[in-house]
Amino acid sequence: MYRFLLTPRWWAINVFTVVAIPFCLFMGSWQLGRFETRVDSHREQQTQADDARSAAAEPLRDLLPVTTETSGRRATASGRYDTEHQLLVPERTLDDRQGFYVLTLLRTDGGKALPVVRGWLPGDANSKADTAKVPAPPAGQVTVTGALQSSESPGSKGVRSSGGLPAGQLGVISAASLVNLVPYAVHDAWITATEADGAMTPVPPAAAPGSGLDLKAFQNLGYTGEWFVFAGFVLFMWARLFRREAEAARDLALGITEASARGDRPQDGPAQGEQGRDGPGDAPQKRSPAGAA
């Protein structure tokens with residue numbers, strides 16, 4: 001009854017099933033591993049952030065370039081603030097309040113400038129009343145201590161595109177965004193100052209890119225479920241096709257056809273009651289005229 005399994009069609013179905021199910025399980029396990037890696041990375045990042053708050057500050061040159069290990073570490077740099085190129089970073093949220101960052105470039109002793117977010121102020125960066133609260137940067141030689149951060153990208157959380165911003169504002173904190181705004185080289189990193197002047201609030205450091213439970217992490221978890229569902233679907237379809245084929249083979253072995261299962265009558269001869277009638281090919285019988293001999 002199961003000889004149909006040896007047909008070329010079922011050979012193809014079986015080979016596809018044997019290959020597809022392990023592949024789906026492997027991909028699901030791989031996506032689950034990616035999610036678990038991001039969870040572990042998030043935990044490590046939180047631990048490093050806690051340690052960084054209590055650790056002693058290190059020279060900036062010892063922490064560059066920024067990596068997931070050095071992101072959030074306390075860095076120290078000395079130099080002079082460039083008061084002519086102070087920038088506002090609009091539409092930045094802190095404690096569910098809308099405001100803006102105050103960014104000033106520090107001309108370090110090493111030559112390159114370091115973007116320093118001196119603090120956050122509530123309000124609108126386009127409002128003169130709100131921007132009037134921005135304190136002037138300290139003059140002369142200063143030493144700045146803050147959490148080291150990697151350059152932002154247009155896809156970073158809370159970042160607004162620099163397009164359409166008025167002069168004196170910056171959408172993305174990165175060396176690529178600053179290269180056309182200042183006449184000197186800029187570090188591919190920035191720090192958020194530990195202490196803020198005036199009415200400004202210090203900006204807490206952000207997690208390193210790819211180390212937190214972001215949307216990509218939950219996408220990995222969703223893909224895990226999808227691959228396992230695909231594996232179950234392949235098995236379900238194979239079982240359904242096998243059952244249908246087995247039932248058809250059993251009916252055929254018992255002599256049950258589709259026509260007999262519906263109860264159709266055979267159409268071999270004329271139906272009862274139709275016999276004796278002239279068929280379309282029969283010649284009509286001639287009758288004798290009345291009174292003929």
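Residues numbered from 1 in each chain as written. Predicted model: local features only at pLDDT ≥ 70, side-chain atom pairs only at ≥ 80, totals over all residues. Heavy atoms only, no water.

1. Overview of the overall build of the protein
Okay, so step 1: Scanning the protein from terminus to terminus reveals five helices and seven strands.
Okay, so step 2: Within the protein, the proportion of its 293 residues that are buried is 31%.
Okay, so step 3: The contacts in the protein between residues at least 6 apart in sequence include a share of 68% that link residues at least 24 apart.
Okay, so step 4: Counting only carbon and sulfur atoms, one obtains 56% of the accessible surface of the protein, whose full area is about 18900 Å². (Helix = DSSP H or I, 4+ residues; strand = E, 2+ residues; numbered from the N terminus. Buried < 20%, exposed > 50% of the residue type's maximum accessible area, 1.4 Å probe, protein only. Contact = heavy atoms within 4.5 Å. Areas by Shrake-Rupley, 256 points an atom, 1.4 Å probe, with all protein chains shown as cover.)

2. Quick word on the pattern of salt bridges
Okay, so step 1: The full count for this structure, using the stated rule, is five salt bridges.
Okay, so step 2: We note a salt bridge from Glu152 to Arg92, for which the minimum N-O separation is 2.9 Å. In this pair, Glu152 is assigned in the loop between strand S6 (141–150) and helix H3 (175–178) and Arg92 in strand S3 (residues 87–94), connecting sequence segments 60 residues apart.
Okay, so step 3: The salt bridge partner of Asp197 is Arg118, with a shortest N-O separation of 3.6 Å. Taken together, the positions of Asp197 in the loop between strand S7 (189–193) and helix H4 (215–253) and Arg118 in strand S5 (residues 113–122) put the pair 79 residues apart, joining distant regions of the chain.
Okay, so step 4: Taking the relative accessible area as the measure of exposure, Asp197 reaches 34% and is therefore partly exposed. (Salt bridge = Lys/Arg side-chain N within 4 Å of Asp/Glu carboxyl O.)

3. Let's talk about a negative patch on the surface
Okay, so step 1: A cluster of acidic side chains, namely Glu36, Asp40, Glu44 and Glu69, defines a negative patch on the protein surface.
Okay, so step 2: Mapped onto the secondary structure, Glu36 falls in helix H1 (residues 8–54). (Patch = residues over 30% accessible without salt bridge, like charges linked within 9 Å, V, L, I, M, F, W, Y side chains within 5 Å. Lys, Arg positive; Asp, Glu negative; His and termini not counted. Charge placed at Lys NZ, Arg CZ, Asp CG, Glu CD.)

4. Some words on the packing of aromatic side chains
Okay, so step 1: Counted under the stated rule, the structure contains six aromatic pairs.
Okay, so step 2: On the numbers, 6.3 Å between centres and 55 degrees between planes, the contact of Phe35 with Phe218 is tilted. With Phe35 in helix H1 and Phe218 in helix H4, this pair connects stretches of sequence that are 183 residues apart.
Okay, so step 3: Judged by relative accessible area, Phe35 falls into the buried class, the value being 16%.
Okay, so step 4: Owing to a relative accessible area of 47%, Phe218 belongs among the partly exposed residues under this scheme.
Okay, so step 5: Each ring, one from Trp238 and one from Phe242, has its centre 5.3 Å from the other, and the planes form 5 degrees; the classification is stacked. (Phe/Tyr/Trp six-rings, centres within 6.5 Å; stacked < 30°, edge-to-face > 60°.)

5. A short note on the side chain of Gln31
Okay, so step 1: Looking at the secondary structure, you find Gln31 in helix H1.
Okay, so step 2: Apart from residues no more than four positions distant in its own chain, Gln31 is found in contact with Asn220, Tyr223, Thr224 and Trp227.

6. Some details on the pairing of S6
Okay, so step 1: Judged from the seven bridges that link them, strand S2 (residues 74–81) and S6 form a sheet pairing that is antiparallel. By the bridge assignment, Ser78 is partnered in S6 with Thr143.
Okay, so step 2: Pairing of S6 with S7 involves five bridges; the strand directions are antiparallel. Bridging from a neighbouring strand, Ala147 pairs with Thr192 of S7. (Pairing = 2+ DSSP bridges.)

7. Description of the nonpolar core
Okay, so step 1: Counting 18 residues, the largest nonpolar core has Tyr101, Leu103, Leu105, Val117 and Ile173 as its most contacted members.
Okay, so step 2: Mapped onto this core, the elements with two or more residues apiece are S3, strand S4 (97–108), S5 and H3.
Okay, so step 3: In this view, Tyr101 contacts Leu87, Leu88, Val89, Arg92, Val117, Gly119, Trp120, Ile173 and Val203; residues no more than four positions away in its chain are not counted. (Core = buried A, V, L, I, M, F, W, Y, C linked by side-chain atoms within 4.5 Å.)

8. Considerations on unusual backbone geometry
Okay, so step 1: Residues Leu64 and Pro65 are joined by a peptide bond in cis, for which omega reads -5 degrees.
Okay, so step 2: With respect to the helices and strands, Pro65 occurs in the loop between strand S1 (58–59) and S2.
Okay, so step 3: With phi around 55 degrees, Glu91 is a residue other than glycine that occupies positive phi space.
Okay, so step 4: With respect to the element layout, Glu91 can be found in strand S3.

9. Some points on the environment of Ala193
Okay, so step 1: By secondary structure assignment, the location of Ala193 is in strand S7.
Okay, so step 2: What makes Ala193 buried here is its relative accessible area of 8%.
Okay, so step 3: For the pair Ala193 and Gly119, spaced 74 residues apart in sequence, the C-alpha to C-alpha distance is 6.9 Å.
Okay, so step 4: Contact partners of Ala193, with chain neighbours within four places excluded, come to Val116, Val117, Arg118, Thr145, Gly146 and Pro202.

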